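For reference, the chains in residue letters:
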Amino acid sequence: MTRGGVPFVAPMLALSIAGFLVPLVVLAAFSFSDPAGGFGLANYAKLFADPLALQVLFDTLALGFKVVASTTLIGLPIILLFWHAGPRERSLIVFLTLLPMLVSNVVRTFAWIVILGRQGPVSQTLAQLGFIPAPRSLLFNETAIVVVLSQIELPLLLLPVMAVLSRTDRSLVSAAETLGAGPWRILATVILPLAAPGILAGWVLVFASATTSYVTQSVIGGARHIYLPQYIYREVGVLFQWPSAAAIAFVLLATTGIIMAAMAMLSRHPRLASHG
Amino acid sequence: MLNRKLSRRSVMAGLGGLVAAPMLGVSRARAAGSIVAAAFPGSWEDSYRTIVGPVVKSAGTELVLAPALAQDQLARLRASQSQSRPAYDAMMVSPGQTTDAIAHGLIEKIDPSKLKNWSKLLPAAQTEWGPNVTVEITGIAYNPKLVPKPKTYRELFDNPVYHGKVGWSGFGSNTATIAWVEIAKAFGGSEDNLSPAFKILAEHLNKGAVITSNNQQQMALYQQNEIAVFISTVGNVANLRGRGVECDFAHPTTGSPALPVALHLVKGSPNPDGVYQYMDAAISADVQRQLSMPPNEVLPTNTDVPLTDSLKSFISDADIKNLIYPNWAKINPNRAAWSAEFDRVVKK
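Residues numbered from 1 in each chain as written. Chains lettered and ligands numbered in written order. Predicted model: local features only at pLDDT ≥ 70, side-chain atom pairs only at ≥ 80, totals over all residues. Heavy atoms only, no water.

> Tell me about the overall build of chain A, residues and numbers included.
Along chain A, the regular secondary structure elements total 13 helices and 0 strands. Reading the secondary structure of chain A in the N-to-C direction produces α-α-α-α-α-α-α-α-α-α-α-α-α. Expressed along its principal axes, the backbone C-alpha trace of chain A runs to roughly 75 × 70 × 30 Å. Taken across its 276 residues, chain A has 46% of its residues classed as buried. In chain A, 69% of the contacts between residues at least 6 apart in sequence involve partners at least 24 apart. Surface exposure of chain A reaches about 14100 Å², of which carbon and sulfur atoms provide 73%. Taking the 15 positively charged and 9 negatively charged side chains of chain A as two groups, their mean positions are separated by 6 Å. (Helix = DSSP H or I, 4+ residues; strand = E, 2+ residues; numbered from the N terminus. Buried < 20%, exposed > 50% of the residue type's maximum accessible area, 1.4 Å probe, protein only. Contact = heavy atoms within 4.5 Å. Areas by Shrake-Rupley, 256 points an atom, 1.4 Å probe, with all protein chains shown as cover. Lys, Arg positive; Asp, Glu negative; His and termini not counted. Charge placed at Lys NZ, Arg CZ, Asp CG, Glu CD.)

In structure tokens:
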């Protein structure tokens with residue numbers, strides 16, 4: 001950054017420090033305090049000694065990976081469609097990708113209650129086709145949470161990939177075809193490596209959003225599927241254990257941070273970065 | 001101006017000032033002549049905004065309502081306890097939280113002489129910590145088209161017709177908490193022994209019990225026919241009926257737990273006079289008469305306001321005599337442990 005650019009980034013920097021860094025430091029200090037006024041690792045020790053808390057941590061990270069895998073599977077055909085589409089069709093795909101983001105996550109989550117409910121179209125169709133004996137609720141299980149989160153988070157995966165592919169020269173595919181590569185080989189050795197930086201950026205966004213999506217996790221999963229955001233809310237709102245909640249929040253931040261950093265490092269790997 | 005060179009020192013001083021500003025009280029930009037009052041989310045917040053707000057405004061105070069459940073209000077005030085400015089000027093809670101708020105020095109005793117309508121209140125609604133604006137009657141909400149009228153909490157577990165059709169939630173709300181106490185009593189427990197309730201809950205998890213994170217979710221699920229029964233207040237049932245949803249209220253034969261709703265003056269409020277205006281408006285006959293009408297159907301505590309026919313259909317004199325007033329002094333110390341135990345029992 002040149003010296004003359006400082007005034008332009010100063011407001012953003014100030015906002016980040018005041019709105020993120022300072023609260024984060026306060027939270028960190030809080031997580032090391034105990035109600036008796038002491039200072040130490042007691043909150044963390046208690047957290048890691050509690051099998052329920054560890055299970056919740058494991059389930060939260062597992063949920064993040066499942067949603068990443070699911071959005072990737074759902075997103076791949078759309079990515080390929082985008083790759084082969086002309087300029088007008090590409091604009092339409094971007095528009096359709098952005099469209100759900102105009103509706104709040106809360107509204108979309110509640111809409112899924114209707115879709116996956118006992119009287120919803122999915123259950124009714126399954127019953128009429130004979131896959132289930134009678135219509136039943138498809139809510140309150142982890143599969144439902146993954147499905148709903150996949151729909152909600154899909155744009156976060158697609159948009160970075162589309163941004164990367166928009167800048168990519170399609171003549172590379174023609175060159176591969178000229179050299180005798182078949183469609184699957186082109187997909188594996190040309191298109192996916194080209195899209196890899198975008199996919200990894202999308203994974204980071206989807207993972208972070210899925211693991212912290214309090215509303216969707218609690219509404220679709222109910223109280224039987226507890227993830228760290230609900231666990232933190234319970235510590236604060238019901239048990240009033242602020243230091244303990246701060247410690248849990250930091251563990252969530254650290255674990256997701258490590259995973260996201262690993263993904264980000266992977267995206268900067270020379271073999272992947274060079275394709276971007 | 002942009003050409004002016006910024007030194008590292010001036011940037012750091014600016015950032016330091018920004019960070020320190022809240023500590024110096026710069027953030028106290030709340031409009032003079034206004035108060036922030038916490039209110040239960042949903043119909044309470046809506047009705048207070050449309051009915052109570054204009055009355056308070058005509059008295060000279062802007063009423064800003066902040067939706068929050070009673071436990072959340074307590075959590076937020078406890079979090080801001082060390083700051084000179086509390087998060088709210090007024091709280092809206094039930095006795096469970098009042099006890100905690102008093103214990104933590106979050107609220108002040110009021111001066112009834114500042115409330116013109118104080119003498120019109122039922123004696124039971126006149127407390128030294130603030131007026132009770134209603135008494136919420138809790139019991140069992142059910143869909144008469146899908147299930148028979150339940151007579152007791154116990155029946156929801158014993159009678160297979162209810163299995164898979166009842167929505168349950170944990171200890172985040174007073175309504176659910178007191179229901180679990182009643183369930184424990186029905187199975188041999190007491191106000192400080194909920195083990196029988198957890199045991200019966202664990203047994204019923206495989207019978208399709210729907211466990212939601214809170215009561216609001218249950219109302220959403222009820223409207224979608226995902227559940228046919230849930231623990232509820234009369235107000236919630238009236239609210240559902242007001243939207244054309246088929247819903248009836250059952251008073252358990254063992255008695256319906258009653259939860260008075262009180263307004264409290266938060267300690268450290270910079271505008272206590274505004275809070276008094278708010279309290280006075282909320283207990284006035286005109287406001288309570290409007291709140292007692294559909295779709296709110298809030299039980300009045302002002303003696304000048306008669307019960308509407310609709311409210312009489314919910315609560316008979318016999319029901320009122322059979323109300324249960326929970327012992328929150330016994331319940332509160334156990335609430336955290338019960339909440340943790342609930343999570344352990346229901347976690348898949």
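> With reference to specific residues and values, describe the confidence of the model for chain B.
Residue and element names in this part refer to chain B. Averaged over every residue, the pLDDT of chain B is 88; the share at 70 or more is 90%. Across chain B, the element-wise mean pLDDT spans from 50 in helix α1 (residues 8-20) up to 97 in helix α10 (residues 272-282). Residue range residues 1-6 is modelled with pLDDT below 50. Its contacts to residues more than four positions away, or to other chains, number 7 contacts. In the predicted structure, residues 17-29 sits below a pLDDT of 50 and forms 10 contacts with residues beyond four places in sequence or in another chain. (pLDDT = per-residue confidence, 0-100.)

> Explain a nonpolar patch on the surface residue by residue, including any values.
Residues and elements named next belong to chain A. Among the surface-exposed residues, L92, F95, L96, L99, L102, V103 and V107 lie close enough to one another that they form a single nonpolar patch of about 670 Å² accessible area. Among the elements that make up the nonpolar patch, the one with the highest residue count is helix α4 (residues 87-98) (3 residues). Here V107 falls in the partly exposed class, since its relative accessible area comes to 48%. (Patch = residues over 30% accessible without salt bridge, like charges linked within 9 Å, V, L, I, M, F, W, Y side chains within 5 Å. Salt bridge = Lys/Arg side-chain N within 4 Å of Asp/Glu carboxyl O.)

> Run through the pattern of salt bridges, naming residues and quoting values.
Pairing of side chains with opposite charge becomes possible as their charged atoms draw close. Summed over the entire model, instances satisfying the criterion amount to 15 salt bridges over all chains. With a closest N to O distance of 2.5 Å, B:K347 and A:D59 form a salt bridge. With B:K347 in the segment after α14 (328-346) and A:D59 in helix α3 (residues 51-84), this residue pair bridges two chains. In this structure, B:K347 and A:D59 share a single accessibility class: buried. B:D248 is paired through a salt bridge with B:R241; the nearest N and O atoms lie 2.8 Å apart. When its relative accessible area of 36% is taken as the criterion, B:R241 is described as partly exposed. Residues joined by salt bridges that share partners form a network here, namely A:R234, A:E235 and B:D343.

> Kindly report on the nonpolar core, identifying the contributing residues and their values.
By size, the foremost hydrophobic cluster in this structure holds 66 residues, and its most contacted members are A:I220 and A:Y231. Leave out the neighbours within four places in its chain, and A:Y231 touches A:D50, A:L52, A:A53, A:V56, A:I226 and A:I248. (Core = buried A, V, L, I, M, F, W, Y, C linked by side-chain atoms within 4.5 Å.)

> Residues and numbers for the interface of chain A and chain B, please.
Counting residues at the interface gives 38 residues for chain A and 36 residues for chain B. For the pair chain A and chain B, the two sides together bury roughly 3400 Å², of which 62% comes from carbon and sulfur. The largest per-residue losses of area from chain A upon contact with chain B belong to A:F140, A:R224 and A:F240, which jointly make up 22% of the total buried on that side. Here chain A and chain B share 3 salt bridges between them. Where B:R344 meets A:D50, a salt bridge forms, and the shortest distance between an N and an O atom there is 3.2 Å. (Buried area = accessible area lost by both parts, 1.4 Å probe.)

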